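Inside the fold
Each chain, written out:
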Amino acid sequence: MATPKSAPAPGPSAPTADPRRWLILAVICTAYLMVGLDLTVMNLALPSAQGDLGFSDADRQWIVTAYALPFGSLLLFCGRLSDVIGRKETFLGGVAGFVVASAVGGAANSFSMLVTARAFQGAFAAMLAPAVLALVATTFIDPQEKSKAFAVFSGVASSGAALGLIIGGALTSALDWRWCMYVNVVIGGAALIGGQLWMRKQPKAGARMDVPGVLLASVGMFCVVYGFSNAAEHSWSTPSAWGYLVAAAVLLIAFAAWQSRAANPLLPPRIVLDRNRGAAYLTVFFVGIGLFGIMLFLIYFLQNNLGYSAIKSGVVLLPMIVFTTVAAGVGAVKLLPKHGPKPLITLGMLLNAVGLAWLTQIDAHSTYTADILGPTLAVGFGMGLVYSAAARTGTSGVAPQEAGIASACINTGQQLGGAVGTALLNTIAATAASGWLDSHVTGKPTAEQLGLAAIDGYTTVFWWCAAFFAFGAVAAGVLLRSGPLPAPAEAGAPQPTEQSESAHS
């Protein structure tokens, strides 16, 4: 009698989809909306807050910088923290802290109290941002559903800053500047309740914290953001600008050297050395620079030169937001699974470059319909394509225990781009305006001449932004692999090296 074959040993059970995954996605997007809103929501409220609290013009920049400094500095640390203590715990802690800081900021009775609240907002935003993207990447298992989830998330992520201008203008005009802070209590409270009710606790990823890496990266990133902020506020020649930037370079070089030999690196080199992921991080860096040019200098033109109110300046960006959301959905659901990120990111960056180059045609007699609508629609569609592909690509091919740090790299790239854009584009605009006055005006300039000089500064900035987007398109075309993204890595599976991956490119 033949010996019966033994049954194969049961393998690890396949993960099952969370039945509440779409509710969780709604909670995730609601929470992340706060992060995007607060990048810009206070911009239009600053004059009202200044009149109420009595701080100087020089202090106004600190309302923005106080948020950006801890946000940019702590992203890598908080990304790894979500891998170490759990995504749900990090998410809920970030939302709760953000809500409390917003409430304190809304009730601020002094400049120092408002700045402190903004700093805590930035710190808890750094805790929240990597966790939400990692939650999207790990909550959805089915590739088709994951594409739809990233489409929804990308629409929210790419439109948050523009919505911040609209909401900030509306709240300041209709109610009070303090509601630009209090609105987060409403949004965050809903996200906190939903997260507590519907999110299930994910198993610990087994990651460990790299303390030397955290110190080097966090202090280095602080010096980057602070140095560029001082360059924007004062000049590149001040010690508070170049001194911090030199220190940042030294610390970040030391961080890179440490990561190559640390036992449990904060940012494993394979995360950023992969061609697809590296290109995604580089892409969002250029997007951060270019988006600053749109959100700041276009608003300046609308308000200072065309005479738009704060609320009208925000509302005219609505068509751009709609196009961004539509493009993000089409890109993530229809195009990315079939064609991969290379054509989407390349085409999106080219559309952004075309839109910014188109905006250089503005003058003192421009109208919204003839000169603003078309370029902003092109940029909106381009941004949607880029975000839909970059967010997914930046977290692709990593094991679950590294999803948090990979997500943090996406946010870090955008924050670095914003910091560089703040300093660089402000300097370019001021230099171009001064050059126009020197070559066109003798004596004291008139109000009309000052307006023309400002427009020359804006168009020069738009040309530079177009160049950044064009360079990003070339970089994406060279670095990104052709074809769809690889299948998700299994939990705990060893990651392929760059050499083995390059064999398939």
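The shown structure was predicted, so the numbers you read here are calculated from the model rather than taken from an experiment.

1. Quick notes on the overall build of the protein
What the protein contains, in helices and strands, is 18 helices and zero strands. Expressed as lengths along the three principal axes of its C-alpha atoms, the size of the protein is roughly 110 × 45 × 45 Å. Residue pairs at least 24 apart in sequence account for 84% of intrachain contacts in the protein once pairs closer than 6 positions are excluded. Of the roughly 20500 Å² of accessible surface on the protein, 67% is carried by carbon and sulfur atoms. Here the protein carries 26 positive and 22 negative side-chain charges, and the mean point of each set is 14 Å from the other.

2. Quick word on the environment of Gly189
Its location among the elements puts Gly189 in helix H7 (residues 179–198). Excluding residues that lie within four positions of it along the chain, Gly189 makes contacts with Val99 and Asn184.

3. Digging into the packing of helix H15 (residues 368–394) against helix H16 (residues 403–440)
Relative to each other, H15 and H16 sit at 140 degrees, their axes nearing to 8 Å. The orientation of H15 relative to H16 falls into the category oblique. Two secondary-structure elements touch here, H15 through Tyr387, Ala390, Ala391 and Gly394 and H16 through Ala406, Ile410 and Gln414. When the residues that make up the contact of H15 with H16 are grouped by side-chain class, the tally is five nonpolar, two polar and no charged.

4. Some remarks on the pattern of salt bridges
If you walk through the whole model with that rule in mind, you get seven salt bridges. In this structure, Glu145 and Arg21 form a salt bridge, with 2.7 Å as the shortest nitrogen-oxygen distance. Of this pair, Glu145 sits in helix H6 (residues 143–174) while Arg21 sits in helix H1 (residues 21–40); the two residues are 124 residues apart in sequence, bridging distant segments of the chain. The same class applies to Glu145 as to Arg21, namely buried. A salt bridge links Arg481 to Asp274, with the shortest nitrogen-to-oxygen separation between them at 3.4 Å.

5. Some details on the confidence of the model for the protein
Taken over all residues, the pLDDT of the protein has a mean of 85, while the share at 70 or more is 91%. Ranking the elements of the protein by mean pLDDT puts helix H18 (residues 498–502) last, at 40, and helix H14 (residues 341–359) first, at 96. The low-confidence segment residues 489–505 (pLDDT under 50) makes 28 contacts with residues lying over four places distant or belonging to another chain.

6. A closer look at the packing of helix H5 (residues 111–139) against H6
Running from N to C, H5 and H6 point in directions that differ by 155 degrees, and their axes come no closer than 9 Å. Comparing the axis directions of H5 and H6 gives the class roughly antiparallel. Here Val132, Leu133, Val136 and Ala137 of H5 come into contact with H6, specifically with Lys146, Ala149, Phe150 and Phe153. For the contact of H5 with H6, the per-class residue count stands at seven nonpolar, no polar and one charged.

7. So, the environment of Val420
With respect to the element layout, Val420 can be found in helix H16. Residue classification places Val420 among the buried positions, given a relative accessible area of 14%. With 134 residues separating them in the primary sequence, Val420 and Phe286 have C-alpha atoms 9.6 Å apart. Setting aside chain neighbours within four positions, we find Val420 in contact with Phe228, Phe285, Ile289 and Leu425.

8. Section: the environment of Ile428
You can see Ile428 is positioned in helix H16. Put simply, Ile428 and Leu377 are 51 residues apart on the chain and 25 Å apart in space, counted from C-alpha to C-alpha.

9. Quick look at the nonpolar core
One finds Phe91, Phe153, Phe297, Leu298, Leu356 and Phe462 to be the most contacted residues of the largest nonpolar core, which totals 140 residues. In terms of residues, this core owes the most to one element, helix H11 (residues 275–305), which gives 17 residues. In contact with Phe153, other than residues within four places in its own chain, are Ile28, Cys29, Tyr32, Val132, Leu133 and Val136.

10. Here we look at a nonpolar patch on the surface
Taken together, the side chains of Val322, Phe323, Val326 and Val330 present a nonpolar region at the surface, about 310 Å² in accessible area. Mapped onto the secondary structure, Val322 falls in helix H13 (residues 318–339). Note on Val322: relative accessible area 48%, which makes it partly exposed.

11. Describing the packing of aromatic side chains
Applying the stated rule across the entire model yields 17 aromatic pairs. With 5.9 Å between their ring centres and 40 degrees between their planes, Trp62 and Tyr226 make a pair best called tilted. Placement of Trp62 in helix H3 (residues 57–85) and of Tyr226 in helix H8 (residues 211–233) is noted, with a sequence separation of 164 residues between them. Its relative accessible area of 16% is what places Tyr226 among the buried residues.

The rules behind the values
- Residues numbered from 1 in each chain as written.
- Predicted model: local features only at pLDDT ≥ 70, side-chain atom pairs only at ≥ 80, totals over all residues.
- Heavy atoms only, no water.
- Helix = DSSP H or I, 4+ residues; strand = E, 2+ residues; numbered from the N terminus.
- Contact = heavy atoms within 4.5 Å.
- Areas by Shrake-Rupley, 256 points an atom, 1.4 Å probe, with all protein chains shown as cover.
- Lys, Arg positive; Asp, Glu negative; His and termini not counted.
- Charge placed at Lys NZ, Arg CZ, Asp CG, Glu CD.
- Axes fitted to C-alpha atoms, helices over the stretch in contact; angles between N-to-C directions.
- Parallel < 35°, antiparallel > 145°, perpendicular 65-115°, else oblique.
- Nonpolar A, V, L, I, M, F, W, Y, C, P; charged D, E, K, R; others polar.
- Salt bridge = Lys/Arg side-chain N within 4 Å of Asp/Glu carboxyl O.
- Buried < 20%, exposed > 50% of the residue type's maximum accessible area, 1.4 Å probe, protein only.
- pLDDT = per-residue confidence, 0-100.
- Core = buried A, V, L, I, M, F, W, Y, C linked by side-chain atoms within 4.5 Å.
- Patch = residues over 30% accessible without salt bridge, like charges linked within 9 Å, V, L, I, M, F, W, Y side chains within 5 Å.
- Phe/Tyr/Trp six-rings, centres within 6.5 Å; stacked < 30°, edge-to-face > 60°.

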